[in-house]
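# Architecture at a glance
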Amino acid sequence: SHIGQSIHIRGRIYHKESSDDKKAIYIYLRDDTGLLTVLFEAENFQKILKLPLETFIAITGKIQLNKKPSLTKYLIIGSSFDLLSPPSDDIEELRKVLSSIRFLYIRRPEIKTLLTIKRYIRKYAVNFLENQGFQPVETPIITSFTQINRHAMKVSTNRENDISEQDKFLIQKSQFYLEALAGTFGKVYSLTPAFRADHRESDLMLAEFWLLEVEEIFSTTKEKMDLLEALIKYISRNLLENNLEDLKNLLTYRALSKIEDSNLKIHTLNMG
C-alpha cells in the first residue's frame, strides 16, 4: 500500500556497497523486522559510504518493488538521511570484532533467523513426541554418574567445603535416567543441556548444547528408526508449511554473507 509513496524509516547499517558503475550506493538497513535496501545517488551521498556498520540512521525516500528481490523485496530510493547515533571509532572492521563483541554478532539477521527456526524445530519436536504419548521428564544437570570413555566437566565450588564428599559432574546425556524412567512411564523424552569435555579436534565440536533424547521400553531397533524418521518428517513438513518465509530469509541472509566474505572492501570502513 506504500508503493510509490515517500516514507521515513530508521535502522542500523548492516551492509553497504557501490554499484559496478560507481553511480549508486546500496545500503542494507536492518531492524528487528528484517532488511530493506536503500539506493542513493553516489554523486550526492558519498558521506554515507564512510559511516561505520551498525550506525543508527533515519532515511527518507520513495519505496518501490525491488527488481532484484533475491535480497530484499522492497527498494527505497533515498532522498536524505540523518544520523541518530554517532559513528563508533571502536568498530573499524565488523568482521574482526564479531567474535569478541557478541552483541553485534547476534544482531546479524541470519543469526536471528536461525534462532527463530530453532525455536520452531523445538516446538514441533515436542508436539510430535507428546502426540505419540511420550512423557516429558526433567533429569539432573549435576550428577555423580559419568559415562565410559567420556571426559566429564567436574563441578567444584573452589572452597574448602565442596558440595558433597562425592565428585560431581555436569551431565553428559540423560540416557541413564531415561532408561530408569521408561520403566515407570513406558515412553519418555527429555530436552536438556548436555556438557562434554572431550578433546576438541575441530571447532565444530561443542562443549555444551541442548540434547533431545527419547527412551521407549520394549521397542525394537526398527521401531526406533521409524520413530526418528517420522519425527524428522513431521518437523520438516511443519517448517515448510508454517515457516517457509523464515527459511527463504535464511537463504537470503546467507547469500549476503557470502558476498561480504568474498569482498573485504565491504568490511573495511574507510574513515579518511
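Only a predicted model underlies this, so the values are computations on that prediction, with no experimental measurement involved.

### Considering the overall build of the protein chain
- Within the protein chain, the secondary structure is distributed over 6 helices and 11 strands.
- Looking at the protein chain residue by residue over its 272 residues, the buried ones come to 36%.
- A fraction of 63% describes how many contacts in the protein chain between residues 6 or more apart in sequence connect residues 24 or more apart.
- Here the protein chain displays about 17,600 Å² of accessible surface, and carbon together with sulfur accounts for 52% of that area.

### Examining the confidence of the model for the protein chain
- On average, residues of the protein chain score 81 in pLDDT, and 79% of them reach the 70 mark or higher.
- Long-range and interchain partners of residues 261–272, a stretch whose pLDDT sits below 50, account for 25 contacts in this model, where long-range means more than four residues apart.

### Some remarks on the layout of surface pockets
- Size it by volume and the largest pocket reaches roughly 700 Å³.
- For the largest pocket, the lining is made up of 31 residues, of which Thr 33, Gly 34, Leu 35, Asn 249 and Tyr 253 are closest to its centre.
- Elements supplying a minimum of two residues to the lining of the largest pocket: strand 1 (6–18), strand 2 (24–31), strand 3 (34–41), helix 3 (109–131) and helix 6 (244–262).
- For the lining of the largest pocket, the residue count by class is 11 nonpolar, 8 polar and 12 charged.

### A word on the side chain of His 15
- Within the secondary structure layout, His 15 lies in strand 1.
- Only 2.7 Å separates the side chain of His 15 from the side chain of Glu 17, close enough to count as a polar contact.

### Focus on the packing of aromatic side chains
- The tally for this structure, following the rule as stated, stands at 6 aromatic pairs.
- Here the aromatic rings of Phe 128 and Tyr 234 are separated by 5.5 Å at their centres, their planes lie at 45°, and the arrangement is tilted. Placement of Phe 128 in helix 3 and of Tyr 234 in helix 5 (residues 221–242) is noted, with a sequence separation of 106 residues between them.
- The exposure class assigned to Phe 128 is buried, which follows from its relative accessible area of 6%.
- Overall, Tyr 234 belongs to the buried group, its relative accessible area being 18%.

Reading the values: rules and limits
- Residues numbered from 1 in each chain as written.
- Predicted model: local features only at pLDDT ≥ 70, side-chain atom pairs only at ≥ 80, totals over all residues.
- Heavy atoms only, no water.
- Helix = DSSP H or I, 4+ residues; strand = E, 2+ residues; numbered from the N terminus.
- Buried < 20%, exposed > 50% of the residue type's maximum accessible area, 1.4 Å probe, protein only.
- Contact = heavy atoms within 4.5 Å.
- Areas by Shrake-Rupley, 256 points an atom, 1.4 Å probe, with all protein chains shown as cover.
- pLDDT = per-residue confidence, 0-100.
- 1 Å grid on protein atoms, 1.4 Å probe; cavity = no way out; pocket = protein on both sides within 12 Å on 5 of 7 lines; lining within 4 Å.
- Points joined across faces, edges and corners; volume = space filled by probe spheres on them.
- Nonpolar A, V, L, I, M, F, W, Y, C, P; charged D, E, K, R; others polar.
- Polar contact = N/O pair within 3.5 Å; in protein donor to acceptor, adjacent residues only side chain to side chain.
- Phe/Tyr/Trp six-rings, centres within 6.5 Å; stacked < 30°, edge-to-face > 60°.

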